[in-house]
Amino acid sequence: MSANVLDEPELETEQKEATWTLNFGPQHPATHTTLRLILELDGERIVKAIPDIGYLHSGFEKLGEHLNFNQYVTIVDRKNYISPPMNEVAWHHAVEKALGVELTPRCQYIRVIIGELARISDHLLCTGAAALDLGAFTAFLFAFNLREQIYDVYEEMSGYRFHPGYTRVGGVLYDFNDKVLDKIRAVLESFPKVYSDMEKLLFRNRIFLDRVRGIGTLSKADAISLSATGPIARASGVAYDLRKDEPYLAYPEFDFEVPYATEGDCWARFIVRMEEMRQSHRILTQALAKLPGGPVNIPIAEKYPLPDKLTSYNSMEGLIQHFELIMPNRGMESPRDELYAAIESPNGELGYYLVTDGSQTAWRVRTRPPSFIHFQIFPHIIKDHMVADVVAILGSLSIIAAELDR
Amino acid sequence: MSTNVSTPKAPPHDETLATLAIFGDGVYSVASFRDNVRLYVPPARLVDVLLALKDRCGFALLSELGATDYLGYPGRTRSRFEVHYVLLNYDKAERIVVKVGLDDPDPTLPSVVSHWMGADWMEREVFDMYGIRFAGHPDLRRILMPEEFTSFPLRKDYPLRGRGERHNFRRLTRGES
């Protein structure tokens, strides 16, 4: 597609003769998704890496200008499809901030719970799949077994396993029932065993450690300059977590810690992710114990939430509200303004720059995609490593191509 | 392996705005919405303001860079495009949005890649989607769209379903491939 990337006159002629070019991807088992790297090699040493992306570009930001605030939740699900609920929480966090909606305590807790489940699920996949690429197959199976249980929770709460589409402006699709809570408790019970198994399989595994320790070191100054956030920045010593430092939802009510490391290599990134899963488990345990009662959606008098079926069929207010939101020439009103709102997603800061024009459709939905910003770190830290390290570093950066290309 | 416990801080923008007073009147104007504070600056002073924020006010992280096309925005009187820079100060957990307006026919801004390496791909994406050029960018190519693409898809005058690029895409038969 972009053949001229290969023809770049980057190296001196004599040097060029000594190196050769290797094409990695876009279809390669270790890229997991569709991304392509053009590697300039001197023997097995990487002199230069040029990422070539855009294979999965689907115009999600353009679609955001044509779908209303509730419809777009199905699209944000498909950005980082490893942790869809976190994307939904991020999207409606931005919308509700723009509309000035204050959520009910129960809804805030429910969003924290689905977000933290998504974080565990994302980190399990990241660590598990990286281990798979580096030859530790068993840890991957343990991780996927637990992810399966988390999918069961999504299925029970929303009816969909993969893309729940669960949040709504001012609330969620359905309230949690006892079965959902039971399934979440089952996840929490299985977690410590899976965690200790994975920890033993990976961090006491000489081969794994040799392949991640000291590989792909990102210094703190570079992490800041390259706009790194989330576990990648925290592994390089930037101890900043939006849940603590710019709190949103009910996070101030929970007792948890922000793990960070200073090594900045692949090992640090994996160990920070592992520790974050334990902290998420702590938050989930507290959230389930303290889950408040009361309504989950904001009252329909606030003109934003879509009433549930029972309310719209059986009450006048519900029927009117349903009509007001659904009819094409009506819908909710938004201020004519713009803002940036971000949350801490498993991969880093996931933000939206939202411009609203008074209607129920955004004028502009700019996503700040952590995968996109983290993938540009790759050429900087892969330099002078071996070809085999590409897989370790890609795995530790956790690039999700659907979010990368949007 | 260590852990960090910090307490939430309220973001005070007053100190930042007081520091920015060195620029005098007329260089920037301030708007705010919810907890966001936006500075509108002219393209010629953009780098000065960004560097003052980075060096004097401690906004170390360029957390987001993007653009918006306001063609047909209700009640719009200012320029057609705006590029936004969201900066973050780690110590105060304070964010500030710097906005700069641009117009056709040749929207160009100075690049900030030499100050924040992270701006590299974000500026390329703005160029790819809006056709806004960044003077001094080391490698300003399309990033998401194919190189032979000629339009700028996130502009408001570009239709949602495209201009037939996908429909008219040349198909390879089995014999040709």
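One can find the structure itself at the top, above this paragraph.
Residues numbered from 1 in each chain as written. Chains lettered and ligands numbered in written order. Predicted model: local features only at pLDDT ≥ 70, side-chain atom pairs only at ≥ 80, totals over all residues. Heavy atoms only, no water.

Caption draft 1: Expanded view of the sheet that holds strand 9 (residues 362-368) of chain A. Residues and elements named next belong to chain A. Reading across the sheet, the 3 strands line up as 7-8-9 and stay open at both edges, with antiparallel pairing between neighbours. Of all strands in the sheet, those bounded by a partner on one side alone are strand 7 (338-345) and strand 9. Taken pair by pair, the neighbouring strands of this sheet meet at an average axis angle of 15°, ignoring direction. The sheet contact formed by strand 7 and strand 8 (residues 348-356) spans 8 bridges and is antiparallel. (Pairing = 2+ DSSP bridges. Helix = DSSP H or I, 4+ residues; strand = E, 2+ residues; numbered from the N terminus. Axes fitted to C-alpha atoms, helices over the stretch in contact; angles between N-to-C directions.)

Caption draft 2: Fine view of the side chain of Arg38(B). In this fold, Arg38(B) is placed in strand 3 (residues 36-41). Among the polar contacts listed, one links the side chain of Arg38(B) to the side chain of Asp337(A), at a separation of 3.1 Å. Within the structure, Arg38(B) has its side chain in polar contact with the backbone oxygen of Glu338(A) (distance 2.9 Å). Other than its neighbours up to four places away in sequence, Arg38(B) contacts Asp337(A), Glu338(A), Tyr353(A), Ser29(B), Val30(B), Ala31(B), Phe33(B), Val97(B) and Lys99(B). (Polar contact = N/O pair within 3.5 Å; in protein donor to acceptor, adjacent residues only side chain to side chain. Contact = heavy atoms within 4.5 Å.)

Caption draft 3: Representation of the packing of aromatic side chains. Residue and element names in this part refer to chain A. Evaluated as defined, the whole model comprises 25 aromatic pairs over all chains. Between the aromatic rings of Trp91 and Tyr352, the centroid separation amounts to 5.4 Å while the plane-to-plane angle is 70°, which identifies the pairing as edge-to-face. Pair noted here: Trp91 is in helix 4 (residues 84-99) and Tyr352 is in strand 8, with a separation of 261 residues, a long-range link. A relative accessible area of 0% places Tyr352 in the buried class. Measuring from ring centre to ring centre gives 5.7 Å for Phe191 and Tyr195, while their planes differ by 35°; the resulting arrangement is tilted. Here Phe191 pairs with Tyr195, and both are found in helix 7 (residues 178-203), just 4 residues apart, close to one helical turn. Tyr195 matches Phe191 in its accessibility class, with the two residues each being buried. In textbook terms, an aromatic cluster arises when at least three aromatic residues are bridged by ring pairs, as seen for Tyr109, Tyr248, Tyr251, Phe254 and Phe256. The cationic tip of Arg406 hangs over the ring face of Phe372; the distance from NZ or CZ to the ring centre is 5.2 Å. (Phe/Tyr/Trp six-rings, centres within 6.5 Å; stacked < 30°, edge-to-face > 60°. Buried < 20%, exposed > 50% of the residue type's maximum accessible area, 1.4 Å probe, protein only. Lys NZ or Arg CZ within 6 Å of the ring centre and 35° of its normal.)

Caption draft 4: Structural detail: the interface of chain A and chain B. Chain A puts 64 residues into the contact, and the matching count from chain B is 64 residues. Between chain A and chain B, the buried area comes to about 5,400 Å², and carbon and sulfur atoms account for 56% of it. The largest per-residue losses of area from chain A upon contact with chain B belong to Lys62(A), Trp363(A) and Gln376(A), which jointly make up 13% of the total buried on that side. Between the two partners, chain A and chain B, sit 9 salt bridges. For Asp35(B), the salt bridge identified is with Lys97(A), shortest N-O distance 2.9 Å. Inspection of the region where chain A meets chain B yields 30 residue pairs in polar contact (both at pLDDT 80 or more). For the side of chain A that touches chain B, a count of residues per class yields 30 nonpolar, 13 polar and 21 charged. (Buried area = accessible area lost by both parts, 1.4 Å probe. Salt bridge = Lys/Arg side-chain N within 4 Å of Asp/Glu carboxyl O. Nonpolar A, V, L, I, M, F, W, Y, C, P; charged D, E, K, R; others polar.)

Caption draft 5: Examining the nonpolar core more closely. In terms of nonpolar packing, the biggest core is built from 184 residues, with Trp91(A), Phe176(A), Phe375(A), Phe378(A), Leu53(B) and Tyr85(B) touching the most fellow members. With residues near it in sequence (within four places) discarded, Phe176(A) still touches Arg106(A), Ile110(A), Ile113(A), Ile114(A), Met157(A), Tyr166(A), Leu181(A) and Ile184(A). (Core = buried A, V, L, I, M, F, W, Y, C linked by side-chain atoms within 4.5 Å.)

Caption draft 6: Representation of the sheet that holds strand 1 (residues 20-24) of chain A within the structure. Residues and elements named next belong to chain A. The 3 strands are arranged 1-2-3 in an open sheet whose pairing can be described as antiparallel. Only two strands of the sheet have a single neighbouring strand rather than two, namely strand 1 and strand 3 (45-52). With strand direction ignored, the average angle separating the axes of adjacent strands in the sheet is 25°. The pairing of strand 1 with strand 2 (residues 36-42) spans 5 bridges and is antiparallel.

Caption draft 7: The layout of surface pockets, seen in detail. Quantified by volume, the largest pocket comes out at close to 1,000 Å³. Elements with a minimum of two residues in the lining of the largest pocket: helix 2 (60-63) of chain A together with helix 3 (119-130) of chain B. Element by element, the count of residues in the lining of the largest pocket is highest for helix 2 of chain A, at 4 residues. Looking at the lining of the largest pocket residue by residue, the classes come out as 15 nonpolar, 8 polar and 9 charged. (1 Å grid on protein atoms, 1.4 Å probe; cavity = no way out; pocket = protein on both sides within 12 Å on 5 of 7 lines; lining within 4 Å. Points joined across faces, edges and corners; volume = space filled by probe spheres on them.)

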